[in-house]
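# Observations on the three-dimensional arrangement
Chain by chain, the residues run as shown.
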Amino acid sequence: MSVWSVEYRSHGSWLISSEFCRALLSGSALLLDPRRSTRVFMLSVVFVLFLTASACSPPAAGSSSVSDAEERLLPRLDWSTLIPPWLRHQRLGLQAKSQNFILEDTTFWIFGGSIHYFRVPREYWRDRLLKMKACGLNTLTTYVPWNLHEPERGKFDFSGNLDLEAFVLLAAEVGLWVILRPGPYVCAEIDLGGLPSWLLQDPGMKLRTTYKGFTEAVDLYFDHLMSRVVPLQYKHGGPIIAVQVENEYGSYNRDPAYMPYVKKALEDRGIIELLLTSDNKDGLQKGVVHGVLATINLQSQQELQLLTTFLLSVQGNQPKMVMEYWTGWFDSWGSPHNILDSSEVLETVSAIVNAGSSINLYMFHGGTNFGFINGAMHFNEYKSDVTSYDYDAVLTEAGDYTAKYGKLRDFFGSRSGAPLPPPPDLLPKMAYEPIAPSFYLSLWDALKYMEKPIKSEKPINMENLPVNDGNGQAFGYTLYETTIASSGVLHGHVRDQGQGYTVLRILVENRGRVNYGNNIDDQRKGLIGNLYLNNSPLKNFRIYSLDMKKSFFQRFGTDKWSTLPEAPTFPAFFLGVLSVVPSPSDTFLKLEGWEKGVVFINGQNLGRYWNIGPQETLYLPGAWLNPGDNQVIIFEEAMAGPMVQSTDTAHLGRNQYIH
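Everything numeric in this text was worked out from a predicted model, so none of it was measured.

### Some words on the pairing of strand β36 (residues 604–610)
Of all 7 residues in β36, 6 are buried, a share of seventy percent or more. As paired strands, strand β35 (residues 596–601) and β36 are joined by 6 bridges and run antiparallel to one another. Counted as the bridge partner of V599 is G607 from β36. With antiparallel pairing between neighbouring strands as the criterion, β35 and β36 make up a hairpin whose turn holds 2 residues, including N602 at a positive phi of roughly 50°.

Okay, structure coming up:
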C-alpha cells in the first residue's frame, strides 16, 4: 500500500505520477489522499484499477534527463481508457506453437525491419516508419543503447532523439508491431557495443558476465529502463510483441551463468512477452538459452540451410526466424564501401520466407553515427567505423528509396493479402552555397578559455579522468601536456591516435571503442599507463578533457575568434556560416582539401570526416537547419581546405532508386 497525490483539474483531467501509473498497470491497491485546496477534490478511498498502457503517455518531447531518484511526471490520464478486465478481450501475446508464431488465435509471420531511433533525427521518425509500412513490413526492431541513455551513472536521458517510448508508440500509430532489443550489450556498431564507458573505471571489470560490478550496474539500469518498457508490452495494450535477451552472446560465451541472469533480470522486472536470442554462425551453438526461442543472423542462402538444420536439432519443431538478415554491411575508415546487389537480396529474402521462416531486415534504414557514437572492430588490426551508417540498406542514409526497396515492396506486397499504402514522397534535397570559413581559433589558443586542466603525476586514461561528476570522459579528444628537458625516444601506449609536440603535447582521439569481439574489456582510451622518454617515465601532466559537447563551444564567444590567417596553426577550429535560402532541406557536406576532423552545425555534432574514405560527404538533416544563417564549426587536425561544399547527393558509391 502506497500513497500518491492525484490532482483533478476543473477541465476534467487528472495529473498522476509514473509510479501511480505503473501500479495501476499491475493492479495494486491504492490509497489516494491528496490534501489540496478548492480546485482539487479530497479523495480517501481504497480501490483496484486495471489500466491499458495507452493511458500512460510518454513524457513530452524535449523533457530533460532525470535521475533514478527523481519522480517523472506524465501527461494527463484519459479515464476513458480505464476498462475493467472482464470487459476486455484477453490478450495472449505472441506465442511459439509448433512451427508457427501465433498472435492471439492467428498464424503470424514476422516481416520486420531495423531502424535505430538514436541514428535518425526525431523529426524524421514518422517518415522512415511510414516507408517501412509501405514496403509491406509489419514489425519494427530496434536496439536500446545503454551508453546513450545513462551517460553518467544513475543519470538517465530519454529525451529528444532518445525518447524510446515516443518512438515505440509512433510505430504503433503507424501500424507496426515492435521487437525490442534492450541488451544490456547490443553491438550495433556503436561505441563499446552500447555499454557505458564508465564501467571501465573498475580495473577488474568483466563486461558481459556475472561479475558483481557489472550486474549491479545492469540491475540499476534495467530498473529504470523496464519501468518504461513494461507498459508498452502487447499484453498491456502496447505494440511490443517480443523482447531479445542480450545479443549474439554465443560468440562471446565467457560466463554460462550470464544469459540466465539477463533472462531473469527481464522477467523479474515485468517482461512478459516472448523472449528471443539472436546469434550468428559463430555463436549459435553456444547461444541457446532454456525457455528462450533461438533465432539466427546471416546473409547467405548457404548459411540459412546450415543454421536452420542446427536450430531444428537443438529446439525441435519451433518457429524459425532470421532475426538479422544483413541487407548490406557497415563501412570502416580506409576500407572500400560495402555493397550488396539488390537482386541477391531479393533472392535470399525469398528463400528465407519460402523456407517457412520469419525475417527481420537488418538494416531497413541505417541512419547516421552522429557525434562520436561509432564503434570499431579489432581483429588483425584496429578499424573504426565511418560516420555514415548507410549500411547499403533498403533506405539510404537520408531515407531515400533504393532498388532494394522497390523489389522488396513487390515481394512483401504479394504476401500481404491487401494493397500496401503508397510510399511517402521523398524529402527534398538542396545544394546550398559553399561555406568559406572566416574565423579561426587554434587549439593552443583555445586552451585558456577552457576549464583548468587536471594535474596528475602520471597520465590518466579518459574513462578515469575526474570529470562529468566522477564518470570520466566517454567521447572526443583528450590533451596530455608535460614539460621535457631533452630530446630522445618517446614510447608509450596511446589509444587511438595521438600527435606529439614540445612543450610535449599529445592529443589523443577516441576513434570508437570496439563493439564486437573478445577484447571489449580492454577498451580504455587515452594514454594507458606511463609515457617514457629514453626509458624514463614522464611525470607532472596537465590533462584537458575535450569532449566537444554543446557546452564546450559556449566558452568561445565572438570575441575569442581571429580572422583566418594564411597559414593556420593546427589543430584548430574554423568558424563559418551556411546560408539557407529559401527554406531548410537535407543536404550533404563535402570537405575537399580538408584532412580529418569533426563538423558541428548549430551545436549539433554531425560526426567525423577523414579523407582516407570511403565516406566523402557528411549527411546534414534539414531538420537541424534554420532559415537564414547557420553556424558551422569545423575542428580540423591537420590541413584545412578553402571551403566546404554543400551538395544534394551523398557520395558513398550508392545508386538511388526513385519510385
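### Some points on the pattern of salt bridges
Tallying each qualifying case throughout the model produces 29 salt bridges. Here E216 and K212 are joined by a salt bridge, their closest N and O atoms 3.8 Å apart. Remark: K212 and E216 occur in helix α5 (residues 212–229); sequence separation between them is 4 residues, near one turn of the helix. Residue class for E216 comes out partly exposed when judged on its relative accessible area of 42%.

### Some remarks on the nonpolar core
Within the largest apolar cluster, 131 residues are counted, with the highest numbers of intra-cluster contacts made by Y325, I359, L361, F364, L589 and V599. In terms of residue count, the dominant contributor to this core is α5 (8 residues). Once residues lying within four places of it in the same chain are set aside, the contact partners of L361 are G112, G113, S114, L137, Y325, T327, V349, V394, L408 and F412. Within the second largest apolar cluster, 24 residues are counted, among which are L447, L479, W561 and F573.

### Looking at the UniProt feature "active site" (unreviewed entry) in the protein
The sites that carry the UniProt feature "active site" (unreviewed entry) are, in the present numbering, E248 and E324. These annotated residues cover 77 residues of sequence, and their C-alpha atoms all fall within 10.7 Å of one another, placing them together at a single site. Note that E248 resides in the loop between β14 (240–244) and α6 (258–268). Among the residues examined, E248 registers a relative accessible area of 7% and is labelled buried. Not counting residues up to four positions away in its chain, the partners in contact with E248 are R208, S278, D279, N280, N297, E324, W326 and Y516. Inspection of the secondary structure puts E324 in strand β17 (residues 320–326). Exposure remark for E324: the relative accessible area of 5% places this residue in the buried category. For E324, the residues in contact, after removing those within four places along its chain, are Y143, R181, N247, E248, I296, N297, L298, N360 and Y362. At 2.8 Å, the side chain of E324 forms a polar contact with the side chain of Y143.

### Looking at the sheet that holds β14
On the basis of which strands lie adjacent, the closed barrel formed by 8 strands has the order β10-β11-β13-β14-β15-β16-β17-β18 and parallel pairing. Between one strand axis and the next, the sheet turns through 30° on average, direction left out of account. Here strand β10 (residues 111–115) pairs with strand β18 (residues 357–365) via 4 bridges, running parallel. Bridged to F111 within β18 is I359. Its contacts with the sheet put helix α2 (residues 125–134) on β10, β11 (139–143) and β18, and the angle it makes with β10 is roughly 160°.

### Re the packing of aromatic side chains
Here the structure, examined in full by the defined rule, presents 41 aromatic pairs. Ring centres of W326 and W329 lie 5.3 Å apart, and the angle between their planes is 75°; on these two criteria the pair is classed as edge-to-face. According to the relative accessible area criterion, W326 is buried, its value standing at 11%. Judged by relative accessible area, W329 falls into the partly exposed class, the value being 32%. An aromatic cluster is present here, built from W146, W198, F214, Y221, F222, Y249, Y252, Y258 and Y261 joined pairwise through their rings. Over the ring of Y449 we find K560; its NZ or CZ atom is 5.2 Å from the centre of that ring. The ring of W610 carries K596 above its face, with NZ or CZ at 5.0 Å from the centroid.

### Some thoughts on helix α9 (residues 342–354)
For an α-helix, 3.6 residues make a turn, and residues three or four places apart therefore share a direction. If you check α9, its first and last C-alpha atoms are 18 Å apart, about what 13 residues at 1.5 Å a residue would give, namely 18 Å. Among the residues of α9, those classed as buried are S342, V345, T348, V349, S350, I352 and V353. In this structure, the buried residues of α9 make contact with β10, β16 (293–298), α8 (301–315), β17, β18 and α10 (403–413). A side-chain oxygen of the first residue of α9 lies 2.9 Å from the backbone nitrogen of S343; this N-cap is D341. At the C-terminal side of α9, G356 shows a positive phi close to 85°.

### With respect to the sheet that holds β35
The 6 strands lie next to each other as β32-β21-β33-β38-β35-β36, forming an open sheet whose pairing is antiparallel. Strands with a single pairing partner mark the edges of an open sheet, and in this sheet they are β32 (562–563) and β36. Direction of pairing for strand β21 (residues 439–442) relative to β32: antiparallel, over a ladder of 2 bridges. Its bridge partner being in β32, Y440 is matched across the sheet by S562.

### Things to note about α8
Helix length check: α8 (15 residues) gives 21 Å between terminal C-alpha atoms against 21 Å at 1.5 Å per residue, within 8%. When α8 is considered as a whole, its buried residues turn out to be E303, L304, L307, T308, L311 and Q315. The buried residues of α8 all sit within an arc of 115° when viewed along its axis, so they share a single face. What points out from α8, more than 90 degrees from its buried face, is the exposed set Q302, Q305, L306, T309, L312 and S313. After α8 finishes, the residue G316 shows a positive phi value of roughly 70°.

### Focus: the packing of α9 against α10
Running from amino to carboxyl end, α9 crosses α10 at an angle of 25°, the nearest separation of the two axes being 9 Å. If you check the angle between α9 and α10, you find them roughly parallel. The crossing of α9 and α10 is right-handed. Contacts from S342, S343, V345, L346, V349, S350 and V353 in α9 reach A403, K404, K407, L408, F411 and F412 in α10. Grouping the constituent residues of the contact of α9 with α10 by class yields 8 nonpolar, 3 polar and 2 charged.

### Considering the environment of I110
Tracing the sequence through the fold places I110 in the loop between β9 (106–108) and β10. Separated by 247 residues in the primary sequence, I110 and S357 place their C-alpha atoms 8.6 Å from one another.

The rules behind these values
- Residues numbered from 1 in each chain as written.
- Predicted model: local features only at pLDDT ≥ 70, side-chain atom pairs only at ≥ 80, totals over all residues.
- Heavy atoms only, no water.
- Buried < 20%, exposed > 50% of the residue type's maximum accessible area, 1.4 Å probe, protein only.
- Helix = DSSP H or I, 4+ residues; strand = E, 2+ residues; numbered from the N terminus.
- Pairing = 2+ DSSP bridges.
- Salt bridge = Lys/Arg side-chain N within 4 Å of Asp/Glu carboxyl O.
- Core = buried A, V, L, I, M, F, W, Y, C linked by side-chain atoms within 4.5 Å.
- Contact = heavy atoms within 4.5 Å.
- UniProt positions renumbered as here; feature names shortened; annotations may be inferred.
- Polar contact = N/O pair within 3.5 Å; in protein donor to acceptor, adjacent residues only side chain to side chain.
- Axes fitted to C-alpha atoms, helices over the stretch in contact; angles between N-to-C directions.
- Phe/Tyr/Trp six-rings, centres within 6.5 Å; stacked < 30°, edge-to-face > 60°.
- Lys NZ or Arg CZ within 6 Å of the ring centre and 35° of its normal.
- Expected span 1.5 Å × (residues − 1).
- Arc of directions from axis to C-beta.
- Parallel < 35°, antiparallel > 145°, perpendicular 65-115°, else oblique.
- Left-handed = near helix turned anticlockwise from the far one by under 90°.
- Nonpolar A, V, L, I, M, F, W, Y, C, P; charged D, E, K, R; others polar.

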